[in-house]
Amino acid sequence: MQPIQGLHHITAVAGDPQRNLAFYETVLGQRLVKTTVNFDDPGTYHLYYGDEIGTPGTIMTFFPWRHMRRGVLGNGETSAVAYTIPAGSETYWQQRLATHGVTVGEPATRFGQTVLPFQDPDGMRLELITAAGPATIRHWAGGPVPAGQALLGFHGVTLWLAEVEGTARLLTDQLGYQRVGQEGARSRYQAASNDVGLYVDLLHRPGAPAGRFGVGSIHHIAFRTVDDSEQLAYQRQLRQAGHNVTPVQDRQYFHSIYFRAPGGVLFEVATDAPGFYYDEPIADLGRSLKLPPWLEPQRAEIEAALPPLARDVMHTP
Ligand code: ZN
C-alpha cells in the first residue's frame, strides 16, 4: 500500500450558487470543472472548482444550500483551506482581492512561509501561502489570472481540535503522514509525496466550543489514493484499526469511502480515477449540467428546480 499522496478534494457548504461561482471562478481564477447535483439531494447543485482539468489536490467543491443558516466555526471542524501561490505574487493577490471587495487580513508567517488570510463570501476561511508549486498543476489558460500568479492547488488544511492525539495517530499510523513541525498550538503533518496538497495542520484548542455546521462550513476533506484496489486496502486497514468506514460510494468522477476522525472531522479517501474529463471534453468542462445515470430519468424536473447559473469569465479551450 502506498502512503496517501495528499489531499484530493475539499467539500464545503455555500449559500447562493451564483455568488459562489463568481468568487471562485472570477476572483480566485479556479475553473468550474464540473456542474452536477448533490447525488443525495438532487435539488441542490454540486459545483467543482480546480485547475484546468480538475487535477486531484486542486478540487474545491460546494453544496450551495441557499436556505441553510450560517455555520459557526469551532472544534471538530476543518477551519481553513490554504492554496499555494507562487513566490512574489503576494502583492498581486492583495490588490486583486481588494479590487473585488475582499478584506485581506495582515500577512502572517507560519513555518517560514507568508500566509494571506481572507474569507469567501459565505465566511469560509481561506489562506494563500507562498511556496514552491508542484509541476503537476495545469494552468487554466482561459481563466482570469495569469500563469505567473495563479493558484497552484491546495497547500493544506487546518483542523481545530480539542484533542489532537487521536487525529495525529490516524495521520501517521494509518495514512502515512509525518509530523514535520510545531508552532505554538499548531502541529504540521506532511504527506509522503512531492505533489500537491501535502499538509494537514492540527490546531490544539482545549476547552474551546464545538462548531455548528452550516453555510460556510467545511463538510469534509478527501485524501488521494491511486486506484480502487488500494482504496479497498485502506478500507480494510482503517476498519481493523477500529474506524467506522462506509462502503465504497460511486461519485462518478472518483470513488469514495468516508469515516470520522477522532475529534469529529469527516475524512474521505477518494480515487484519482476516473477524473473530470471522461464525460465531457476538457474545453467544455463545467458548461452543462451532468447527472449520474440513475438521475438522468429525472433530468427535466431537476433542471427546472435548480436556480440558473451564469458564468462571466471567458472560456477558451
Ligand atoms: Zn468528498
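## Structural notes on the sheet that holds strand β4 (residues 59-64)
Then, number 1: The eight strands lie next to each other as β2-β3-β4-β1-β13-β16-β15-β14, forming an open sheet whose pairing is mixed. Strands with a single pairing partner mark the edges of an open sheet, and in this sheet they are β2 (31-38) and β14 (249-250).
Then, number 2: Alignment of β14 against strand β15 (residues 255-260), held across two bridges, turns out to be antiparallel. Within β15, the position partnered with Gln249 by the bridge is Ser256.
Then, number 3: Relative to the sheet, helix α1 (residues 17-27) contacts β1 (7-14), β2, β3 (41-50) and β4, its axis offset from that of β3 by approximately 10 degrees.
Then, number 4: Strands in contact with helix α4 (residues 228-240) are β13 (218-225), β15 and β16 (266-271); relative to β15, the strand with the most contacts, it is inclined by about 15 degrees.

## Describing the side chain of Thr36
Then, number 1: Tracing the chain through its elements places Thr36 in strand β2.
Then, number 2: You can call Thr36 buried: its relative accessible area is 0%.
Then, number 3: A polar atom in the side chain of Thr36 sits 2.6 Å from the backbone oxygen of Lys290.
Then, number 4: If we ignore the near neighbours within four places in the chain, the residues touching Thr36 are Tyr45, His46, Tyr48, Leu289, Lys290 and Leu291.

## A closer look at α1
Then, number 1: Counting buried positions along α1 yields eight of eleven residues, so the element is predominantly enclosed.
Then, number 2: For α1, the full list of buried residues reads Pro17, Asn20, Leu21, Phe23, Tyr24, Glu25, Thr26 and Val27.
Then, number 3: The N-cap residue of α1 is Asp16: its side-chain oxygen and the backbone nitrogen of Gln18 are 3.3 Å apart.
Then, number 4: Just downstream of α1, Gly29 is the residue with a positive phi angle, here 75 degrees.

## Digging into the coordination of the zinc ion
Then, number 1: Ligation of the zinc ion by protein atoms is provided by His9 (NE2), His220 (NE2) and Glu268 (OE), these donors lying 1.9 to 2.0 Å from the ion.
Then, number 2: Linear spacing of the donor residues for the zinc ion on their chain is H-x210-H-x47-E. Pair noted here: His220 is in strand β13 and Glu268 is in strand β16, with a separation of 48 residues, a long-range link.

## Section: the pairing of β15
Then, number 1: Of all six residues making up β15, five are buried, and the element is well covered by its neighbours.
Then, number 2: In this structure, the hairpin formed by β14 and β15 is closed by a connection of four residues, where Gln252 is found at a positive phi of approximately 70 degrees.
Then, number 3: As defined by bridge partners, β15 adjoins β16 across five bridges and the pair is classed as antiparallel. From the neighbouring strand, Ile257 faces β16, where its bridge partner is Val269.
Then, number 4: Turn length for the β15-β16 hairpin, with the two strands adjacent in sequence and antiparallel, is five residues, and the turn residue Gly263 shows positive phi of about 100 degrees.

## What to know about the environment of Glu77
Then, number 1: Structurally, Glu77 is set in strand β5 (residues 77-85).
Then, number 2: Linking Glu77 and Leu198, residues 121 residues apart in sequence, is a C-alpha distance of 18 Å.
Then, number 3: With residues up to four places along the chain from it excluded, the contact list for Glu77 reads Val72, Thr158, Leu159, Trp160, Gly211, Arg212, Phe213, Ser217 and Val265.

## As for the pairing of β3
A regular strand places its side chains so that they alternate between the two faces of the sheet.
Then, number 1: Burial within β3 is extensive, with seven of its ten residues counted as buried.
Then, number 2: Sheet topology note: the β2/β3 ladder contains seven bridges and is antiparallel. Across the sheet, Leu32 pairs through a bridge with Tyr49, a residue of β3.
Then, number 3: In textbook terms, the turn of a hairpin is the stretch between consecutive antiparallel strands, and for β2 and β3 this stretch comprises two residues.
Then, number 4: As defined by bridge partners, β3 adjoins β4 across three bridges and the pair is classed as antiparallel. Its bridge partner lying in β4, Leu47 is registered against Phe62.

## What to know about the environment of Trp65
Then, number 1: Inspection of the secondary structure assignment puts Trp65 in the loop between β4 and β5.
Then, number 2: Trp65 sits in the partly exposed class, given a relative accessible area of 21%.
Then, number 3: Each C-alpha atom of the pair Trp65 and Pro146 lies 32 Å from the other, and the pair is 81 residues apart in sequence.
Then, number 4: Non-local contacts of Trp65, meaning those with residues more than four positions away in its chain, are made with Val13, Ala14, Gly15, Asn38, Asp41, Thr44 and Val215.

Quick notes on the rules
- Residues numbered from 1 in each chain as written.
- Predicted model: local features only at pLDDT ≥ 70, side-chain atom pairs only at ≥ 80, totals over all residues.
- Heavy atoms only, no water.
- Pairing = 2+ DSSP bridges.
- Helix = DSSP H or I, 4+ residues; strand = E, 2+ residues; numbered from the N terminus.
- Contact = heavy atoms within 4.5 Å.
- Axes fitted to C-alpha atoms, helices over the stretch in contact; angles between N-to-C directions.
- Buried < 20%, exposed > 50% of the residue type's maximum accessible area, 1.4 Å probe, protein only.
- Polar contact = N/O pair within 3.5 Å; in protein donor to acceptor, adjacent residues only side chain to side chain.
- Donors = N, O, S within 2.8 Å, 3.2 Å for Na, K, Ca; no water.

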